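So you can see what is in the structure, the chains are spelled out below.
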Amino acid sequence: METASAASENAPEAMESQPVAGDELLANPNQEDVTPTKDGGVLKEVKRPGEATEMPCKGDTVFVHYVGTLTDGTKFDSSRDRGEEFQFKLGEGNVIKAWDLGVATMKKGEVCILTCKSDYAYGATGSPPKIPPNATLVFEIELIRWLGEDLSKAKDGGIVRKVVIKGEGYKHPKSEALVEVHLVGRYGGRIFEERDVKFNLGEGDEFGIPPGIEQALEKFSKDERSLLTLQPRYAFGKHGKPEFNIPPNATVEYETTLIDFEKVKESWEMDKEEKLQQAEIVKEKGTVFFKAGKPDKAAKQYNKIVNYLESEEKYEENDKIKRDQLLIAGNFVLVSFSVDENTLYSLLI
């Protein structure tokens, strides 16, 4: 930020707070320690309560005003002096640690004072010339609003996530992973579907899953529950969904819970027997997609056959015959879907 992230040269005008010298700040009974280890490194005092109970989540873009001072009251940065809000993505290390921790505890409209020890600010080096080494900093922060995280690959605002319950750990399902999810779809405040469903990422349309949900799930953690707002191109598009009374070009919401997922083994993680087995499975999938008139999906499955088997040659006689037949089928499909349909179909089955 020209900000709290890089020695900020900008911040909000102190609203009504008076600077207090060093140790007195740390002794304030109205302060709450918001550090995970409760080491006193970031102390928060609410000066004006916020609205409702919601707080921003990691990945949200937050908009704030702030004033930064040293403990002797010297102001070194102020967004209010600049007359513009400051925004950053929460929890991604774009600002000092104290801000990522403190702002995550705030509600819309809240004003608080964060007292930040140097370990959570600019450390032993400070940020010359305004912030000396090992400086404790005091920030008055107003949380104005925030926007949910945009999960669309195009970053066009088409898939916005609002985390309701954070998930476990840092692992996420990758393409083709088997996922189990609970979905609650809403339009205009009305629930139009609620169900549990298992499917492989990349094949969600076979189960009526909007494309935006598939994209979003690659960023979910196990047991996460989030509200996804899907613009039309990531939901039901220009045709809508008549069976759900969803009109064309409608924006919908899906409360989505990732119950569980199974990691898909990479080719290099398999032994040759597993590769042969998987090649047979994906050939069957490819045939199903071909018969259903979905050549792109069929080609994707047959490409896997080539990836699994082209470098594996040390099979016993019967398995070698299987391997060679599968590779012939895979390569044939990949070179052309434009051959006579009956000829192609006879090879696939």
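Structural notes, computed from the coordinates. Note that the structure is predicted; figures quoted are calculated from it, not measured.

Description of the overall build of the protein chain
Here is step 1: When helices and strands are tallied, the protein chain shows eight helices and 13 strands.
Here is step 2: Here the protein chain, with 349 residues, has 45% of them falling under the buried criterion.
Here is step 3: Within the protein chain, contacts between residues separated by at least 24 positions form 67% of all contacts whose residues are at least 6 apart in sequence.
Here is step 4: Total accessible area on the protein chain is roughly 18,100 Å²; 49% of this is exposed by carbon and sulfur atoms.

A few points about empty space enclosed by the protein
Here is step 1: Applying the stated criterion across every chain yields a total of one cavity of 30 Å³ or more.
Here is step 2: Of the volumes computed, that of the largest cavity is approximately 60 Å³.
Here is step 3: Along the walls of the largest cavity sit Glu 176, Leu 201, Gly 202, Glu 203, Phe 289, Lys 297, Lys 300, Gln 301 and Lys 304, which together make up its complete lining.
Here is step 4: Classifying every residue of the lining of the largest cavity gives two nonpolar, two polar and five charged.

Quick word on the packing of aromatic side chains
Here is step 1: Per the counting criterion, the structure on display carries twelve aromatic pairs.
Here is step 2: Every member of this aromatic cluster is reached through a ring pair, and the members are Tyr 66, Phe 76, Phe 86, Phe 88, Trp 99 and Phe 139.
Here is step 3: Taking NZ or CZ as reference, Arg 145 lies 4.0 Å from the ring centre of Phe 63, over its face.

With respect to the packing of helix H5 (residues 272-291) against helix H6 (residues 295-309)
Here is step 1: Remark: H5 packs on H6, axes separated minimally by 8 Å, with the N-to-C direction vectors making an angle of 165 degrees. The angle between H5 and H6 places the two elements in the roughly antiparallel class. Every pair of crossing elements has a handedness; the one defined by H5 and H6 is left-handed. Contact residues: H5 offers Lys 275, Leu 276, Gln 278, Ala 279, Val 282, Lys 283, Lys 285, Gly 286, Thr 287, Phe 289 and Phe 290, while H6 offers Lys 297, Ala 298, Gln 301, Tyr 302, Lys 304, Ile 305, Tyr 308 and Leu 309.
Here is step 2: By residue class, the composition of the contact of H5 with H6 is ten nonpolar, four polar and five charged.

Thresholds, definitions, all that
- Within each chain, residue numbers correspond to sequence positions counted from 1 in written order.
- Local features in a predicted model are, by the rule used here, given only for residues with pLDDT of at least 70; side-chain atom pairs are given and counted only at 80 or more, and totals for whole chains, interfaces and linings are based on all residues.
- Computation of side-chain values: all heavy atoms of the structure, hydrogens and water removed.
- Each helix is a run of DSSP H or I of at least 4 residues and each strand a run of E of at least 2, with the numbering of both proceeding from the N terminus.
- When a residue's accessible area, from a 1.4 Å probe over protein chains only, is under 20% of the maximum for its type it is buried; when over 50% it is exposed; and in between it is partly exposed.
- Contacts are assigned to residue pairs that have any heavy atoms within 4.5 Å of one another.
- In short, Shrake-Rupley with a 1.4 Å probe defines the accessible areas, and a residue's cover is counted only from the protein chains shown.
- Here a cavity is any set of points on a 1 Å grid over the protein atoms alone where a 1.4 Å probe fits but cannot get out, and a pocket is any open set with protein on both sides within 12 Å along at least 5 of 7 lines; a residue lines the site when it has an atom within 4 Å of a point.
- Grid points are joined across faces, edges and corners, and a volume is the space filled by probe spheres set on the points.
- All amino acids are sorted into three groups, where Ala, Val, Leu, Ile, Met, Phe, Trp, Tyr, Cys and Pro are nonpolar, Asp, Glu, Lys and Arg are charged, and the leftover types, Gly among them, are polar.
- Stacked, tilted and edge-to-face are the three classes applied to pairs of Phe, Tyr and Trp rings, where Trp contributes its six-membered ring and a pair requires centres within 6.5 Å; stacked means planes under 30 degrees apart, edge-to-face means over 60, and tilted covers the rest.
- Whether a charge sits over a ring comes down to the Lys NZ or Arg CZ being within 6 Å of the ring centre and within 35 degrees of the ring normal.
- For helices, the fitted axis covers only the stretch in contact; all axes are lines through C-alpha atoms, and the angles between them, taken along N-to-C directions, range from 0 to 180 degrees.
- Throughout this description, any angle smaller than 35 degrees is read as roughly parallel, any larger than 145 degrees as roughly antiparallel, any in the 65 to 115 degree range as roughly perpendicular, and the remainder as oblique.
- The sense of a crossing depends on the near helix, which, turned anticlockwise from the far helix by less than a right angle, makes the crossing left-handed and, turned clockwise, makes it right-handed.

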